[in-house]
Amino acid sequence: LKMFGVPIDGPAVFFCDNESVVKNTSIPTSLLAKKHNAVNYHIIRESVAAGTLRVAKIPTKENKSDALTKILPHSQRNYLLGSILYWPSEIKDPETGLGMDECKQPSR
């Protein structure tokens, strides 16, 4: 965003629902067993140490990315997507005040 001229105050927050990821990126002394993990976490650890990134834990039930990456029950998917999408029932007709679900379709 900085490249596009958007002013950013403070670090970017990266949310994840994996406790070990939060620990491995936030605690510099934690050991990483596999080389590919060490390379990836090294970049994140530098950003955390520089203060440009903050890694935080989010409960699995609140992780909105799960709605796009996992098979979830209908109710859980709708709960997660409800805050980022507009459902037809939320859109009101300005003349009648009815939601899209309540409006009658014109007959042909």
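Going by the structure above, here's the rest.
Residues numbered from 1 in each chain as written. Predicted model: local features only at pLDDT ≥ 70, side-chain atom pairs only at ≥ 80, totals over all residues. Heavy atoms only, no water.

Draft legend 1. Just the side chain of Q76, in detail. Within the secondary structure, Q76 is located in helix α4 (residues 74-81). A polar side-chain atom of Q76 sits 3.2 Å from the main-chain carbonyl oxygen of K61. (Helix = DSSP H or I, 4+ residues; strand = E, 2+ residues; numbered from the N terminus. Polar contact = N/O pair within 3.5 Å; in protein donor to acceptor, adjacent residues only side chain to side chain.)

Draft legend 2. Fine view of a nonpolar patch on the surface. On the surface, a nonpolar cluster with roughly 440 Å² of combined accessible area is contributed by L1, F4, V6 and I8. One can find L1 in the segment before β1 (12-16). In this structure L1 comes out as exposed when scored by relative accessible area, which is 65%. (Patch = residues over 30% accessible without salt bridge, like charges linked within 9 Å, V, L, I, M, F, W, Y side chains within 5 Å. Areas by Shrake-Rupley, 256 points an atom, 1.4 Å probe, with all protein chains shown as cover. Salt bridge = Lys/Arg side-chain N within 4 Å of Asp/Glu carboxyl O. Buried < 20%, exposed > 50% of the residue type's maximum accessible area, 1.4 Å probe, protein only.)

Draft legend 3. Broad picture of the environment of V21. On the secondary structure map, V21 appears in helix α1 (residues 19-26). Assessed through its relative accessible area of 18%, V21 is described here as buried. As for V21 and A56, which are separated by 35 residues in sequence, their C-alpha atoms are 9.4 Å apart. Other than its neighbours up to four places away in sequence, V21 contacts C16 and Y41. (Contact = heavy atoms within 4.5 Å.)

Draft legend 4. Quick look at the nonpolar core. In terms of nonpolar packing, the biggest core is built from five residues, these being C16, V21, V22, Y41 and V55. Excluding residues within four positions of it along the chain, V22 makes contact with C16, V55, A56 and K57. (Core = buried A, V, L, I, M, F, W, Y, C linked by side-chain atoms within 4.5 Å.)

Draft legend 5. Quick peek at α4. Those residues of α4 lying buried are Q76, L80 and L81. Across the axial projection of α4, the buried residues extend over an arc of 125°, all falling on one side. Of the residues in α4, the exposed ones pointing more than 90 degrees away from the buried face are H74 and S75. The elements touched by buried residues of α4 are α3 (66-69). (Arc of directions from axis to C-beta.)

Draft legend 6. Up close: the environment of V55. Topologically, V55 is positioned in strand β2 (residues 53-57). In this structure, the C-alpha to C-alpha distance between V55 and F14, residues 41 residues apart in sequence, is 4.8 Å. For V55, the contacting residues outside a window of four places in its chain are F14, C16, V22, T25, S26, I44 and V48.

Draft legend 7. Structural context of the side chain of R45. With respect to the helices and strands, the residue R45 is situated in helix α2 (residues 35-50). With no salt bridge to any partner, buried R45 finds its closest opposite charge in E46, at an N-O distance of 10 Å. Polar side-chain contacts of R45 include one of 2.7 Å to the backbone oxygen of N24. (Lys, Arg positive; Asp, Glu negative; His and termini not counted.)

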